[in-house]
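The chain contents come next:
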Amino acid sequence: MNKISTHYFKDDGVIPNSHLPVILYKNAIDLPDSSEWLETNFKMNNWLNNWRATILPYDHFHSNTHEVLGLGFGEVTLKIGGSSGEIFTLTTGDVIIIPAGVGHYSISEHSDYQFVGGYPDGNDWDLKTGLEEGEKAAIFNNLSKVKIPKTDPLYGIDGFLFEKWK
């Protein structure tokens, strides 16, 4: 059984973050290489536009969509929530759901891991750092249009996401 936790992050002046919590499913699946299982489940629950790769090594966020990251294999340390955020160490089988606007990046100095990523309804994603001159109004406009997903990426219509994202 996995452990579920939520984490809230406020606007830090650069990264907008969100009133919605980051949801962390620890040990969502126990397989030595969980990538195929994660991608299959994300697709089944309509979190599409999938990819498999590492995470960028600089703070960024998406202003136009939420994102799910499932760690297919390895271990990685992420900083979530901008300058006053938290550090998370994820291991194979962990899944993190990141609301639109929440900063995230890898602080690990290795690339011996693989995430499977996805977006509700297969949304395209933008890449924002909060550092470009004059982009704040457009970012907040985009964030105001992002809807709560119709499904949780792991558990469909029965997911924990709906208890916390209202």
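Whatever comes next refers back to the structure up there.
Caption draft 1: Region of the structure containing the sheet that holds strand β4 (residues 67-73). In space, the six strands of this open sheet follow the order β1-β2-β7-β4-β9-β3, with antiparallel pairing throughout. The open sheet is flanked by β1 (3-9) and β3 (47-53), the only strands paired with a single partner. Adjacent strand axes in the sheet meet at a mean angle of 20° when their direction is disregarded. Note: β3 against strand β9 (residues 114-120), five bridges, orientation antiparallel. Pairing of A53 across the sheet is with F115, part of β9.

Caption draft 2: The layout of surface pockets, seen in detail. By volume, the largest pocket amounts to about 190 Å³. Contributing to the lining of the largest pocket are 13 residues, with N17, S18, H19, A100 and L143 lying nearest its centre. Of all the secondary-structure elements, those providing two or more residues to the lining of the largest pocket are β2 (18-26) and α2 (136-145). Among the elements that take part in the lining of the largest pocket, β2 stands out by supplying three residues, more than any other. The residue makeup of the lining of the largest pocket, split by class, is seven nonpolar, four polar and two charged. Lining the second largest pocket are 13 residues; nearest its centre among them are W51, L56, H60, E67 and W125. Only β3 and β4 provide two or more residues apiece to the lining of the second largest pocket. Here the residues of the lining of the second largest pocket are counted per class, giving eight nonpolar, four polar and one charged.

Caption draft 3: Just the packing of aromatic side chains, in detail. Taken as a whole and assessed by the stated rule, the structure comprises three aromatic pairs. Ring centres of Y113 and F115 lie 5.8 Å apart, and the angle between their planes is 80°; this geometry places the pair in the edge-to-face category. Using a relative accessible area of 4% as the deciding quantity, one classes Y113 as buried.

Caption draft 4: Focus on the environment of I107. Secondary-structure assignment places I107 in the loop between β8 (104-106) and β9. According to the relative accessible area criterion, I107 is partly exposed, its value standing at 34%. In this view, I107 contacts T77, L78, K79 and I87; residues no more than four positions away in its chain are not counted.

Caption draft 5: Fine view of the sheet that holds strand β6 (residues 86-91). Reading across the sheet, the three strands line up as β6-β5-β8 and stay open at both edges, with antiparallel pairing between neighbours. Strands at the two margins of the open sheet, each flanked by one partner only, are β6 and β8. The mean inter-strand angle of the sheet, taken between neighbouring strand axes irrespective of direction, is 30°. In this sheet, β6 lies alongside strand β5 (residues 75-80) in antiparallel orientation, the contact comprising six bridges. Counterpart to I80 in the pairing with β6 is E86.

Caption draft 6: Layout of helix α1 (residues 35-44). Among the residues of α1, S35, L38, E39, N41 and F42 are the ones counted as buried. For α1, the angular spread of buried residues about the axis comes to 165°, placing them on one side. Set apart from the buried face of α1 by more than 90 degrees, the exposed residues are E36 and M44. As for α1, its buried residues are in contact with β3, β4, β7 (95-98) and β9. Looking at the residues trailing α1, positive phi occurs at N46, about 65°.

The rules behind each value
- Residues numbered from 1 in each chain as written.
- Predicted model: local features only at pLDDT ≥ 70, side-chain atom pairs only at ≥ 80, totals over all residues.
- Heavy atoms only, no water.
- Pairing = 2+ DSSP bridges.
- Helix = DSSP H or I, 4+ residues; strand = E, 2+ residues; numbered from the N terminus.
- Axes fitted to C-alpha atoms, helices over the stretch in contact; angles between N-to-C directions.
- 1 Å grid on protein atoms, 1.4 Å probe; cavity = no way out; pocket = protein on both sides within 12 Å on 5 of 7 lines; lining within 4 Å.
- Points joined across faces, edges and corners; volume = space filled by probe spheres on them.
- Nonpolar A, V, L, I, M, F, W, Y, C, P; charged D, E, K, R; others polar.
- Phe/Tyr/Trp six-rings, centres within 6.5 Å; stacked < 30°, edge-to-face > 60°.
- Buried < 20%, exposed > 50% of the residue type's maximum accessible area, 1.4 Å probe, protein only.
- Contact = heavy atoms within 4.5 Å.
- Arc of directions from axis to C-beta.

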